[in-house]
Amino acid sequence: MSDFETEDTEETVTCLQITIYHPKQEEKPVFGALRFFHQQQLRADDTVKFGRDSKICHFHFLDSRVSRVQFGLQFFRHFNSSAFGFEIKNLSKKGKLTVDNVELAYLNKVNLPDKCMVCFGDYQMLLQKQEGQCEDYFNICFELARMSLLQEKNLVLKKPVCESSSSYSRSPTEMDENE
């Protein structure tokens, strides 16, 4: 038997890709403590905290307007399933957190969809999960957006409007050429 046949198969690791934006990111180093385009491995049983306090938070923002601890992410396995997911909990008493337009007050939590928008203050984060099988670790990778994620998203979601300011009808209508 060759070494290739007896070698363990490599597990893929679930990765949470976070694209992040702040309107003043060109003027202030609000993301100066984050490492971009680098997968950072975290333990599956850790609650990953985001906020201003570098002693408490895994990922911190250099911004006095961010709460000491803004929110936490928890990795979990869905009940009776091999699929993994993330839940997000608002850990800020002062700041609201929105997940796909659902507002979370202090200590409220929700399961994250595979792709969602998370906002707090002026911060916009697009979170996208890439599925893996490893149950001991997961990865987080940050990417910096050059323009507002909400504006970019709204460009796609806008419906065309005709000159009379009413929406186009969904089904085409026939018209006689002479009308």
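In what follows, the structure referred to is the one given above.
Predicted model only: the values in this text are computed from it and were never measured.

Counting across every chain of the model gives 16 aromatic pairs. Ring centres of Phe-86 and Phe-138 lie 5.2 Å apart, and the angle between their planes is 75°; on these two criteria the pair is classed as edge-to-face. One end of the pair, Phe-86, is in strand β6 (residues 84–90); the other, Phe-138, is in strand β12 (residues 137–144), and 52 residues separate them in sequence. In terms of burial, Phe-86 and Phe-138 fall into one category: buried. The rings of Phe-31, Phe-36, Phe-50, Phe-59, Phe-61, Phe-71, Phe-120, Tyr-123 and Phe-142 are connected pair by pair, giving a single aromatic cluster.

This part covers the nonpolar core. Within the largest apolar cluster, 32 residues are counted, with the highest numbers of intra-cluster contacts made by Phe-50 and Ile-140. Secondary structure elements with two or more residues in this core: β1 (15–21), β3 (47–51), β5 (71–77), β6, β7 (97–99), β10 (115–120), β11 (123–130) and β12. Leaving out residues up to four positions away in the same chain, Ile-140 has contacts with Leu-16, Ile-18, His-38, Gln-39, Gln-40, Leu-42, Val-48, Phe-50, Phe-59 and Leu-73. One finds Cys-119, Leu-126, Ala-145 and Leu-149 within the second-largest nonpolar core, a separate group that totals six residues.

This part covers the environment of Asp-136. Relative to the helices and strands, Asp-136 resides in the loop between β11 and β12. We classify Asp-136 as partly exposed; its relative accessible area is 48%. C-alpha of Asp-136 to C-alpha of Val-13: the two residues are 123 residues apart in sequence and 8.8 Å apart in space. For Asp-136, the residues in contact, after removing those within four places along its chain, are Leu-42, Arg-43 and Ala-44.

It is worth spelling out the sheet that holds β5 at this point. Ordered in space as β4-β3-β5-β6-β9, the five strands form an open sheet in which the pairing is mixed. Whereas interior strands pair on both sides, the edge strands pair on one side only; in this sheet they are β4 (59–60) and β9 (109–111).

Here we take up the side chain of Thr-19. One can find Thr-19 in strand β1. Taking relative accessible area as the criterion, Thr-19 reaches 9% and is therefore assigned buried. When sequence neighbours within four positions are dropped, the list of residues in contact with Thr-19 reads Gln-124, Met-125, Leu-126, Glu-143, Ala-145 and Leu-149.

Right, let's get into the pairing of β10. Burial analysis of β10 places five of its six residues in the buried class, which makes it a mostly covered element. Sheet topology places β7 next to β10; two bridges connect them, and they run antiparallel. Paired with Thr-98 across the bridge in β10 is Cys-119. One ladder, built from six bridges, connects β10 with β11; its direction is antiparallel. Bridge pairing in β11 links Cys-116 to Leu-127. Counting the residues between successive antiparallel strands, the hairpin from β10 to β11 contains two residues, one of them, Gly-121, with a positive phi of roughly 55°.

Rules behind the numbers
- Residues numbered from 1 in each chain as written.
- Predicted model: local features only at pLDDT ≥ 70, side-chain atom pairs only at ≥ 80, totals over all residues.
- Heavy atoms only, no water.
- Phe/Tyr/Trp six-rings, centres within 6.5 Å; stacked < 30°, edge-to-face > 60°.
- Helix = DSSP H or I, 4+ residues; strand = E, 2+ residues; numbered from the N terminus.
- Buried < 20%, exposed > 50% of the residue type's maximum accessible area, 1.4 Å probe, protein only.
- Core = buried A, V, L, I, M, F, W, Y, C linked by side-chain atoms within 4.5 Å.
- Contact = heavy atoms within 4.5 Å.
- Pairing = 2+ DSSP bridges.

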